[in-house]
Amino acid sequence: MADPDSLNPEQREAVSYRGGPLLVLAGAGTGKTRVIVHRVASLIREGAAPERILAVTFTNKAAEEMRRRVDALAPGGGALAWVYTFHAFAARILRSHAQRLGLPRRFTIYDQDDQKRLVAESIKELGLEKEKNKASLYVSLISRAKDDLLDAQSYAIYAMAQNDPSRETVARVYEVYQKKLSASGGLDFGDLLLKLVELFRGDAAIRELYQERFLHLLVDEYQDTNHAQYIITKTLASKHRNLCVVGDPDQSIYSWRGAHVRNILEFESDFPNAKVVRLERNYRSTPNILQAASLVIEHNRGRLKKSLWTERPEGPSVEVEELADEREEARSTARRAARLLDEGFSPKDMAVFYRTNAQSRSFEEAFTLAQIPHRVVGSVRFYERKEVKDALAYARAALNPADSISLSRILNVPPRGLGKASQEALEAHAKKTSAALREALEHADKVENLTPAARQGAAELVLLLEQLRREFEALGPADAMEAVLQKTGYWAWLEGLAESDPEEAARMENLQELLNAVREFEETCGEKPAPSPASGEQQAPARAALPEAPRIERFLESAALQTQADAYDANRPSVTLMTVHLAKGLEFPAVFLTGLEEGLFPISSVNTNPEELEEERRLCYVGMTRAKERLTLLHAATRRVFGRVYSNLPSRFIFEAGLIGRPAEDAAMARAHCAPAAMRVKAGMRVRHPEFGCGEIVEKSGSGEMLKVTVAFDSGATKKLLLRYAPLSPA
DNA sequence: TTTTGATAACTTTTT
DNA sequence: GTTATCAAAA
């Protein structure tokens, strides 16, 4: 937009409406973030105290950006307003009431990896042999339950009422898992929201305190809120009723994570007299891009009709290209990117989106080969790397003696004679005395079945952790983290290993990067910068004005709440490679949307479920609408997955976008309403096999995954093929 | 106890 | 094709 401070009439209405609940239905690229920023700024300019405004965003990065932009419009205001993700907001509130919640002052926030270990332990403890490989499944079931505000007890009741044995098993695992979690004085992601709701429900005084406090409430990406977040929003808004939610039902892509589109669809009945503002003027994309995306999304049923329009010039048409395989797809993408560079695009103007992280590899290779600067966002999360987690675990274990989860992680890293046998002996002792692992370690002399070496190792570790805790008192986060790496011998240990193993050398680099990240955190403070007197522009955080210097605890929390999307840096001069999910909320002049194949995008698991297919379609819509000027859709005829070659038909979304004619068979449309994603076959149909040539289907047997066809090939051979694996395509 | 090698599981998306 | 996990050897 020409003038960043001008607003169109609908935007202005959304910014200035002061009559209570407000729903802003904001299509892709219609200036949704602008509206929120301007609304917050104008509230502040009208005299609202910034610290009585709460704005909830989807990622920490978005929160940062919003703070910065509000500050530019209402100097000082952005720094004081509460701008957080739901999880960061919950963590902040829970910390100030840790005591009454029976939580340690420095409770740990556990991530998915920690959850998985804990669930695996719980499963083992319950002797559920058959379930031992399903830890991830249980983690997600438990997480979903928490999103829906079902604690372990409620879940057990619910499972019993359903008379569902598998749910009852989940309930048992949930219960043991939760006990372990509490014993470690920790919360997982779901707990942050669940405990906040419990706090509000259980303590009227605290609830009213916050209801009174937040005079104005804004929630971004409301279509992707889960039940817990919905309840939090509703609770906080019930006093002043100044709630503004912004979102787009067509961009709801997180139902698998517990989000309910109905939260936004039912806003008007939830808040009678709610004002609804629709933003339909798109400032981002060319008409060609917009039309293709609209054609796709219109195939979803039961959506709120809305039509985006733009006054932007036509622009080049959306391109579609089919390639032989995923390597060709990547090479073509790199070639096209190089061409755009020649045309004057900068690498940071371009993005490659894919459905699954596994697809990133071929693009990395192709871009490296073509010497185009690029960056994969989020495939292996930085804070989930082993060495980084180990370093953080040391800090957590030192700070929180109850944190058995972190302690067990680093018990023998680097090796100190506390191997598997010793660990089991210590854990057995801890269990017997119903104490934390740390206490067993402290009383290693009383623990049976320990070798002298193990006893010595235990004593050293206890000493080390105590020493670290004492040192943390006087150190900033960066020095504290450095102390961890030095004093634990972790650094020296890796250095030794790195001599013979380049992978270990890479680990050292990651730890160096961790130290950089802590330093950066320390400098920017991670917390709100002090209010600046006049200029809204970049200001040096005034250290003296802060209530307390940043400490390692704060860094640990920020690291735990870090999201993948937060790793994206718009200023980096490189092509961005990311999943479509991560692309939500971003925009790029040129976008390559790749892997548009049946079975991959939409992904094959949507076979049976029309709702999931609609979510895939929304995901595709999100991907397409990120593009401002150029949009290229790519798909590969064959693709190697798991080392096995699959041949895929072009995605139905390409047909739906009106970009290539439907195939003669009309196969894609016929499947559009949930038939198997695999090729639809019938007897008599002509097919092609890369090895055996063309032939005719003479018989069909089995069904679903086991669907087999007998093909009489023109060569004379007759073969029975499992449709799932056979690289057959219609001839 | 630690390192090494084999095996099985994994891939949909993540706050 | 890769990575995490588990058993046997040093």
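Parameters at a glance
Residues numbered from 1 in each chain as written. Chains lettered and ligands numbered in written order. Predicted model: local features only at pLDDT ≥ 70, side-chain atom pairs only at ≥ 80, totals over all residues. Heavy atoms only, no water. Core = buried A, V, L, I, M, F, W, Y, C linked by side-chain atoms within 4.5 Å. Buried < 20%, exposed > 50% of the residue type's maximum accessible area, 1.4 Å probe, protein only. Contact = heavy atoms within 4.5 Å. Helix = DSSP H or I, 4+ residues; strand = E, 2+ residues; numbered from the N terminus. Pairing = 2+ DSSP bridges. Axes fitted to C-alpha atoms, helices over the stretch in contact; angles between N-to-C directions. Phe/Tyr/Trp six-rings, centres within 6.5 Å; stacked < 30°, edge-to-face > 60°. Salt bridge = Lys/Arg side-chain N within 4 Å of Asp/Glu carboxyl O. Near = heavy atom within 4 Å. Polar contact = N/O pair within 3.5 Å; in protein donor to acceptor, adjacent residues only side chain to side chain. Parallel < 35°, antiparallel > 145°, perpendicular 65-115°, else oblique. Nonpolar A, V, L, I, M, F, W, Y, C, P; charged D, E, K, R; others polar.

(A) Structural view of the nonpolar core. Formed by 67 residues in total, the largest nonpolar core has its most connected members in F89, V119, L192, L196 and L236. Aside from chain neighbours lying at most four places away, what touches L196 is F89, A90, I93, L94, D191 and I232. Core analysis: the next-biggest nonpolar cluster, separate from the first, contains 53 residues, L418, A425, A483 and L485 among them.

(B) Representation of the pairing of strand β2 (residues 53–57) in the model. Across the five residues of β2, five count as buried, placing the element largely inside the fold. Here β2 shows two buried faces, one formed by I53, A55 and T57 and the other by L54 and V56. Sheet topology places β2 next to strand β3 (residues 82–85); four bridges connect them, and they run parallel. Within β3, the residue paired with A55 across the bridge is V83.

(C) Spotlight on the sheet that holds strand β9 (residues 319–323). Spatially, β9-β14-β13-β10-β12-β11 is the arrangement adopted by the six strands of the open sheet, whose pairing is parallel. Looking at the sheet topology across the chains shown, the edges are occupied by β9 and β11 (374–376). Across the sheet, the axes of successive neighbouring strands diverge by a mean angle of 20°, strand direction being ignored. Sheet analysis places β9 next to strand β14 (residues 627–636), joined by five bridges and oriented parallel. What sits directly across from V320, in β14, is L633. On the sheet, helix α16 (residues 326–343) packs against β9, β10 (350–354), β13 (588–593) and β14 and is oriented at approximately 155° with respect to β14.

(D) Inspection of the packing of aromatic side chains at higher detail. Applying the stated criterion across every chain yields a total of 17 aromatic pairs. Arranged with centres 5.4 Å apart and planes meeting at 70°, the rings of Y155 and Y158 form a pair that is edge-to-face. Linking Y155 with Y158, this pair stays in helix α8 (residues 152–162), spanning three residues, or about one helical turn. The exposure class of Y158 is partly exposed, given its relative accessible area of 30%.

(E) Just the sheet that holds strand β7 (residues 243–247), in detail. Strand order across the open sheet formed by six strands is β3-β2-β6-β7-β1-β8, with parallel pairing between neighbours. At either margin of the open sheet sits one strand with a lone partner, and together these are β3 and β8 (275–279). Each neighbouring strand pair of the sheet contributes to a mean axis angle of 15°, computed without reference to strand direction. The sheet contacts of helix α3 (residues 60–73) involve β2 and β3, and relative to β3 the element is tilted by about 165°.

(F) A look at the environment of G417. Following the sequence through the fold, G417 ends up in the loop between α19 (404–410) and α20 (420–432). Between the C-alpha atoms of G417 and G595, which are 178 residues apart in sequence, the distance is 49 Å. Sequence-distant contacts of G417, defined by excluding residues within four places in its chain, comprise N412, S422 and A454.

(G) Focus on the pattern of salt bridges. Summed over all chains, the structure comprises 51 salt bridges. In this structure, the salt-bridge partner of R630 is E343, at a minimum N-O distance of 2.6 Å. With R630 in strand β14 and E343 in helix α16, this pair connects stretches of sequence that are 287 residues apart. Where E365 meets R361, a salt bridge forms, and the shortest distance between an N and an O atom there is 3.4 Å. You can see E365 and its partner R361 sitting in helix α17 (residues 360–369), four residues apart, about one turn around the helix. By sharing partners, the salt bridges in this structure join D111, D113, D114, R117, K386, K389, D390, R396 and R409 into a single network.

(H) The protein's contact with DNA strand B, seen in detail. Taken together, 30 residues surround DNA strand B, and among them R355, N357, N412, S422 and T563 come closest. For DNA strand B, the backbone portion of the atoms within 4 Å of the protein, that is sugar and phosphate, comes to 52%. Here F58 contributes a backbone N or O atom positioned 3.4 Å from a sugar or linking oxygen of DNA strand B. Contact between DNA strand B and R257: a sugar or linking oxygen at 3.2 Å from a side-chain N or O atom of the residue.

(I) A look at the side chain of Q11. When you line up the elements, Q11 lands in helix α1 (residues 9–16). Aside from chain neighbours lying at most four places away, what touches Q11 is S6, T30, G31, R34, V35, L279 and Y283.

(J) Summary view of the pairing of strand β16 (residues 644–647). Of the pairings in the sheet, the one linking strand β15 (residues 638–641) to β16 comprises four bridges and is antiparallel in character. If you follow T638 over to β16, its bridge partner there is S647. Here β15 hands over to β16 after two residues, with F642 in that stretch at a positive phi of 60°.

(K) Quick peek at the side chain of T310. Tracing the sequence through the fold places T310 in the loop between α15 (287–297) and β9. Looking at T310, its side chain comes within polar contact range of the main-chain oxygen of N282, at 3.1 Å. A polar side-chain atom of T310 sits 3.0 Å from the main-chain amide nitrogen of R312.

(L) Focus on the packing of helix α10 (residues 189–202) against helix α11 (residues 204–213). At their nearest, the axes of α10 and α11 sit 5 Å apart, and the two run at 105° to each other. Judged on the interaxial angle alone, α11 and α10 are roughly perpendicular. Here α10 contributes L199, F200, R201 and G202 to the contact with α11, which in turn contributes A204, I206, R207 and Y210. Residues belonging to the contact of α10 with α11 are distributed by class as follows: five nonpolar, one polar and two charged.

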